[in-house]
Protein chains: 2
Amino acid sequence: MPVTRRQCANAIRALAIDAIEKANSGHPGAPLGMADMAEALWRHGLRHNPANPGWVNRDRFVLSNGHASMLIYALLHLTGYALTMDDIRNFRQLGSLTPGHPEYGHTPGVDITTGPLGSGIASAVGMALAEASLARKYNRPGHTIVDHMTYVFLGDGCLMEGVSHEACSLAGVWKLGKLVALYDDNGISIDGKVDGWFTEDVRARYLAYGWQVIGPVDGHDSDALDKALAAARADTERPSLIICRTHIGFGSARADSEKSHGAPLGEEIAAQAKQALGCAAEAFTVPADVAAAWDAREEGARLEAAWKEAFAAYEAAYPELAADFVRRMEGRLPEGADQALADFAAGVRESRPKLATRVASKNVLSALVPVIDDLIGGSADLSGSVGTKTPSSTMLDTATYEGNYICYGVREFGMGCIMNGLAVHGGFIPYAGTFMVFSDYAKHAVRLASLMNLKVVWVLTHDSYAVGEDGPTHQPVEHLAMLRSIPGCKVWRPCDSEECAASWKDALATQGPTCLSLSRQGVPFIDKQAGAPIEKGGYVLRDCEGVPQVILLATGSEVSLCVEAQARLAEEGIRVRVVSMPCCEVFDAQDAAYRESVLPDAVRARLAVEAGWPDYWRRYVGLDGDVLGLDHFGASAPGGVLAREFGFTADNVVERARALAR
Amino acid sequence: MPVTRRQCANAIRALAIDAIEKANSGHPGAPLGMADMAEALWRHGLRHNPANPGWVNRDRFVLSNGHASMLIYALLHLTGYALTMDDIRNFRQLGSLTPGHPEYGHTPGVDITTGPLGSGIASAVGMALAEASLARKYNRPGHTIVDHMTYVFLGDGCLMEGVSHEACSLAGVWKLGKLVALYDDNGISIDGKVDGWFTEDVRARYLAYGWQVIGPVDGHDSDALDKALAAARADTERPSLIICRTHIGFGSARADSEKSHGAPLGEEIAAQAKQALGCAAEAFTVPADVAAAWDAREEGARLEAAWKEAFAAYEAAYPELAADFVRRMEGRLPEGADQALADFAAGVRESRPKLATRVASKNVLSALVPVIDDLIGGSADLSGSVGTKTPSSTMLDTATYEGNYICYGVREFGMGCIMNGLAVHGGFIPYAGTFMVFSDYAKHAVRLASLMNLKVVWVLTHDSYAVGEDGPTHQPVEHLAMLRSIPGCKVWRPCDSEECAASWKDALATQGPTCLSLSRQGVPFIDKQAGAPIEKGGYVLRDCEGVPQVILLATGSEVSLCVEAQARLAEEGIRVRVVSMPCCEVFDAQDAAYRESVLPDAVRARLAVEAGWPDYWRRYVGLDGDVLGLDHFGASAPGGVLAREFGFTADNVVERARALAR
């Protein structure tokens, strides 16, 4: 008797039940509910190769409701990825390949980290855009090298989160026909039946975005799912949402109850469920015929081999394009990038431009964009203000997918997740800008980029009270501290064009997110010693003879105040060192000897100057130093007026430094 | 000749042009575009009293596209609020009543701070819910005391932001018939024509949410606007969206161009525009007949007087209800709240419960909810986990608006803005919960609550790596630092039930937001000295004889580790003081003598222990102390395993304290 599709789906269910029971922790409801959907997709159409999770032309799979992690672990195990039954047994244990939520870069076959609801579907939009853009750039007649789908599973929670609105609205604008989302419509969220808080007409909503909406279909009817998936793939002009009516906790006594969502079923219900599903009572077993039916290794090898053959022909016909494609997918910078940065830095050392650092950043970008095709820029509707659009930037054309610049609209969080999707797909270095104060909206996207070590660059301008007239709603205060406290996130706050070039250089070399903190207002160019080690994140910018009586530390727009103060204090005979500290994270990573050479432990009279939350700087100035910062909200007035009001003047630096020097 | 409606609208336009030109800064496009909408609403139906911006039954007005601030300043001036022409002249100047974006609590007649797009419409949902809930609670047959509309102006940007999706979807669920939003549909955002990034069918989207959608109407046709507003008011079952087709920069040579959005028109275009609009060339003038046509003082006085009369009759018929209503609208706590907290604290000192602090918080709430009607609770779909739903909590009934508990669904940012709306309306103390890691999604709502000094309480549970198996996506690391760096925001991280009661007590007494940081895992009850001053935010929990060799500072779930370590170190003869620091902001606000009594300047051997971003604590331990924190992401494993892995053990505290004591 041939294996039935339900038996295949039930293999997922059994593994999910077993792993969650053994861990005594996890979310059984969703994998039990979505197992038939998973069977339909993963056994009937998903193009992937378990032996090579990094195959660049594989279909991408995003489990946006990431708490259903046992679903994907079961799928990876069953189809033949390097995820053993022991790994399944170690679900949610320290160091295992099967953590509580899927983690990119940790488990072979997991295309993106999910769990924070909404972020998965939003990033999937970026992945689908990456495919479309690369296809346009690299495919040639008779040589279709880039051609894959992006599939998403998502739940009610993802649809409630605002970021799904932002990104899915854009997916409609962009007509991403190869994006297919399967909505696990089970009518239950953690607080119970969703009728009390989620009554919107999802179908109408997605039609409003310009999507194809299919269903509702019975999410446990394999034939219906096949037809829906076929219809979704057939519409190449619109992203598709398949509404799948399912039963959370399918097969268990907790079906259709929120009780199945986030806690193990418990021994008794688990055993009953496995029996009802016709699965063996023994834990962690898959019948041989079911295992064989799931095994995708042969087909996967065939798919990738065919692609490799096609790629070889492409390589023969278009060697340069092929080499460039490989370079981009491997994440190597093109030749010329370092030279462009070096030339730029040499140029500004010559011309000494007095510019807002947001303009300096635009100038750096203007040098980089022509030589780094990987760069894909954008802004949350502030292109002119944040300087992300360069003369070489061309708007994304939604008919052809040509272009290297995206107007994301006023959608910071969506922009962040889409950038993560572009980066995690491969082939792109996304950068985008908004006002720093609105990094709040996108903060969790930055966190996820850090967690995944994704190279994305945030261009955060208008980085202090010096925004001026727009007032406190638009003036960041606490944001530098917020961003710096994200593990693995680098914040660069350059003081001028030269430091700005160094910031971009480091950002491009960093496998992780970088936030650039850039001024709205003009700042002077600061002459530095030849070879000043900006790349070390912090360095002695001005020094005195002998041991300093005071060290001034500053970043960005406040550096020039310290340079001026130092000169004036020198006239008074006070020995002052000025340390420019454009990137604390990079400085902290230097060896102890270097750090000591910049900030000698014995010199505790230290004044940090930065127009942000002051106490961040206690890590450098300690209890005996001082900080000139801002511990309150800003105000609406011209920036220069506020500088005096808030004490960001060389006079005040002089005064406070003098007090320390006593 | 009677004054025309267009003339009235043009008075707004002229003032907007003049003020922006004089400030040489601002956003003319939106006020010019929305002036006819404003005239239709503010001269034909808005019920308010310029002499008393605090009249509790006034219609609320939310300028969600807050960059159009000159629109509301012009309206307030023209209708007769205490906003003089000099105030208009001082647009965007230091200390003026006319800052760049509207600020609640600063300018008479501004009902809420706006500027961060989307937040206004989202908070308006909370304001409308407040009205509906108070009406249900206090109105009686023949005595309609609470009965007002909530009007919103919003633009494309608000609709693009995800938070508008979250809150407007809920507004549909809640059937908020008295919420009317006017959409300034001008087809332009900062980056240009929105066709490239905003093609969704807004009408279909809002119908999907269960709203009435009216229009598109010509946003410059007063009769059409009147009819649309009448239709909006007539539908009492659904919130209404009126789509108003307008021309940004109406009347100027920059009409229909993004160039009018965010920069002054410039002298020449400004003069042309004023001429074209038939306005006097002289700046800051309003023709007498136009001024008279706008003056709403008489009508406003009549409206409020009629309400006062009705309220007097209500007071006579229902004195207790009336007194309670007045108390709530004045923001005074009811009698009994303090006693309930004192009783609770006494009880736990007796019973010494070992509980997760999230459960301790639920227990405190369970004592408070029955005595404080003002409390309106909720959760972003985690009611059971975060302990916000008490035995006295009843679900909001969307048919009757009874109930004091809201299931917000998985919508953290929307929840935060709605809480802000409930608070700013008056009559409510909103509290709601989610996992701390998802405070990221809502961070900007917390910021806005701080900026407005709104009493809202965030119940942030699962506050460290000790979340355990859910892994790094669900384990906060940097969030305590993020929240503490928001000016005016208090973060309480209690160590047990007694500190939890003190946290709630302080939160209820604070005119500003409070974030409670609460553990997932159980923690011991900590015996304290009688009268231990928990309310001071930090206090000596355990002391030694003589000058301490080491001070241990800890919060929340790490306090018990330090208590244990102190006892063990005492056996070794090492003199250790333990400071419990549940709220740094409150401790910092104590006088210097108290702070010195807790943290003597001379004792620099200090070890801070908190399962979060370590460098926050450098402000207390300086360069010579040590911090046992977490400077990296967490991992998926049982919490106890992670505690050992990450060093959150008494052994490690002992070892690190010993090293400092040397």
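Quick look at the structure, then. For every chain, the first residue of the written sequence is number 1, and numbering continues from 1 onward in sequence order. For naming, the first written chain is A and the first written ligand is 1, with later ones following in the order written. Local features in this predicted model are restricted to residues whose pLDDT is 70 or higher, and side-chain atom pairs enter the listing and the counts only when it is 80 or higher, whereas totals over whole chains, interfaces and linings include all residues. Values reported for side chains reflect all heavy atoms of the structure, with hydrogen atoms and water molecules removed beforehand.

1. Here we look at the side chain of Ser-450 of chain A
Each helix is a run of H or I in the DSSP string that is no shorter than four residues. Each strand is a run of E no shorter than two, and both are numbered from the N terminus. As for its position among the elements, Ser-450 of chain A is in helix H18 (residues 439–452). Look at Ser-450 of chain A and you get buried, because its relative accessible area is 4%. We define a polar contact as two N or O atoms separated by no more than 3.5 Å, with the added condition that, inside protein, one atom must be a possible hydrogen donor and the other a possible acceptor, whereas residues neighbouring each other in sequence contribute only through side-chain atom pairs. Reaching out from Ser-450 of chain A, the side chain makes a polar contact with the backbone oxygen of Pro-487 of chain A at a distance of 3.3 Å. Those residues in contact with Ser-450 of chain A, other than ones at most four positions away along the chain, are Ile-486, Pro-487, Gly-488, Cys-489 and Pro-513 of chain A together with Phe-633 of chain B. A simple rule labels every residue: compare its accessible area, found with a 1.4 Å probe on the protein chains alone, to the largest value its type can have, and call it buried under 20%, exposed over 50%, or partly exposed in between. Only heavy atoms matter for contacts: two residues are in contact if any of them lie within 4.5 Å across the pair.

2. Some remarks on the interface of chain B and chain A
Chain B puts 99 residues into the contact, and the matching count from chain A is 99 residues. As used here, buried area is the combined drop in accessible area, with a 1.4 Å probe, of two parts when they are placed together. When chain B packs against chain A, the two sides together hide about 7,900 Å² of surface, and 58% of this comes from carbon and sulfur. For chain B, the biggest contributors to the area lost against chain A are Tyr-441, Leu-623 and Phe-633 of chain B; these three give 9% of the whole. Between Lys or Arg on one side and Asp or Glu on the other, a salt bridge is scored when a side-chain nitrogen of the former is within 4 Å of a carboxyl oxygen of the latter. Residue Lys-443 of chain B pairs with Asp-440 of chain A through a salt bridge whose shortest N-O separation is 2.8 Å. Put simply, chain B and chain A have 50 residue pairs in polar contact (both at pLDDT 80 or more) between them. Of all the elements, helix H18 (residues 439–452) of chain B adds the most residues to the side of chain B that touches chain A, at seven residues.

3. Remarks on the pattern of salt bridges
Inspection of the entire model under this criterion finds 86 salt bridges over all chains. A salt bridge links Glu-131 of chain B to Lys-178 of chain B; the nearest nitrogen and oxygen atoms lie 2.9 Å apart. With a gap of 47 residues between them, Glu-131 of chain B in helix H5 (residues 119–138) and Lys-178 of chain B in the loop between helix H7 (162–173) and strand S3 (179–185) connect regions that are remote in the sequence. Overall, Glu-131 of chain B belongs to the buried group, its relative accessible area being 3%. When salt bridges with common partners are traced through the structure, they connect Arg-5, Glu-39, Arg-43 and Asp-226 of chain A into a single cluster.

4. Focus: the sheet that holds strand S19 (residues 606–609) of chain B
All names here are of chain B. When DSSP finds two or more bridges between a pair of strands, those strands are recorded as paired. The sheet built from five strands is open, its strands ordered S16-S18-S17-S19-S20 with mixed pairing. The sheet terminates laterally at strand S16 (539–542) and strand S20 (626–628), the two strands that pair on one side only. Taken over all neighbouring pairs, the strand axes of this sheet differ in orientation by 30 degrees on average, direction set aside. The pairing of S16 with strand S18 (residues 576–580) spans three bridges and is antiparallel. Simply put, an axis is a line fit to the C-alpha atoms, just over the touching stretch for a helix, and the angle between two N-to-C directions goes from 0 to 180 degrees.

5. Overview of the side chain of Lys-274 of chain B
Residues and elements named next belong to chain B. Of note, Lys-274 is situated in helix H10 (residues 267–276). Residue classification places Lys-274 among the buried residues on the basis of a relative accessible area of 4%. Within the local environment of Lys-274, its side chain forms a polar contact with the side chain of Asp-18, the two groups lying 2.7 Å apart.

6. A look at the packing of aromatic side chains
Stacked, edge-to-face and tilted labels apply to pairs of Phe, Tyr and Trp rings (six-membered ring for Trp) whose centres lie within 6.5 Å, assigned for plane angles under 30 degrees, over 60, and everything in between, in that order. In total, this model carries 45 aromatic pairs over all chains according to the counting rule given. Ring plane angle 85 degrees and centroid distance 5.0 Å describe the contact between Tyr-441 of chain A and Phe-413 of chain B, whose orientation is recorded as edge-to-face. Residue Tyr-441 of chain A is found in helix H18, and its partner Phe-413 of chain B is found in helix H17 (residues 412–425); the two belong to separate chains. In terms of burial, Tyr-441 of chain A and Phe-413 of chain B fall into one category: buried. Between the aromatic rings of Trp-55 of chain B and Trp-307 of chain B, the centroid separation amounts to 6.3 Å while the plane-to-plane angle is 65 degrees, which identifies the pairing as edge-to-face.

7. Description of the state of the cysteines
A covalent bond bridging the sulfur atoms of two cysteines is what the word disulfide describes. Disulfide assignment relies on a single distance test, namely cysteine sulfur atoms paired within 2.5 Å. A full pass over the atoms with the stated rule returns zero disulfides over all chains. You can see Cys-583 of chain B has no disulfide; the closest cysteine sulfur is in Cys-584 of chain B, sitting 6.8 Å from it.

8. A few points about empty space enclosed by the protein
Empty space among the atoms becomes apparent when a probe as large as a water molecule is rolled across them. Every definition here rests on a 1 Å grid over the protein atoms only: cavities are sets of points where a 1.4 Å probe fits but cannot get out, pockets are open sets enclosed by protein on both sides within 12 Å along at least five of seven lines, and lining residues have some atom within 4 Å of a point. Grid points are joined across faces, edges and corners, and a volume is the space filled by probe spheres set on the points. Throughout the structure, instances matching the rule amount to five cavities of 30 Å³ or more. Here the largest cavity defines a volume of roughly 110 Å³. What lines the largest cavity is Glu-161, Gly-162, Val-163, Glu-166, Phe-413 and Tyr-441 of chain A together with Glu-161, Gly-162, Val-163, Glu-166, Phe-413 and Tyr-441 of chain B. If you list the elements that add at least two residues to the lining of the largest cavity, you get helix H7 (162–174) of chain A together with H7 of chain B. By residue class, the composition of the lining of the largest cavity is six nonpolar, two polar and four charged. Quantified by volume, the second largest cavity comes out at close to 70 Å³. As for the second largest cavity, its lining consists of Trp-42, Leu-46, His-48, Pro-53, Arg-58, Asp-59, Arg-60, Phe-61, Tyr-81, Gly-109 and Asp-111 of chain A. Residues that form the lining of the second largest cavity fall into these classes: five nonpolar, two polar and four charged. Ten residue types, Ala, Val, Leu, Ile, Met, Phe, Trp, Tyr, Cys and Pro, are classed as nonpolar, four, Asp, Glu, Lys and Arg, as charged, and the remainder, Gly among them, as polar.

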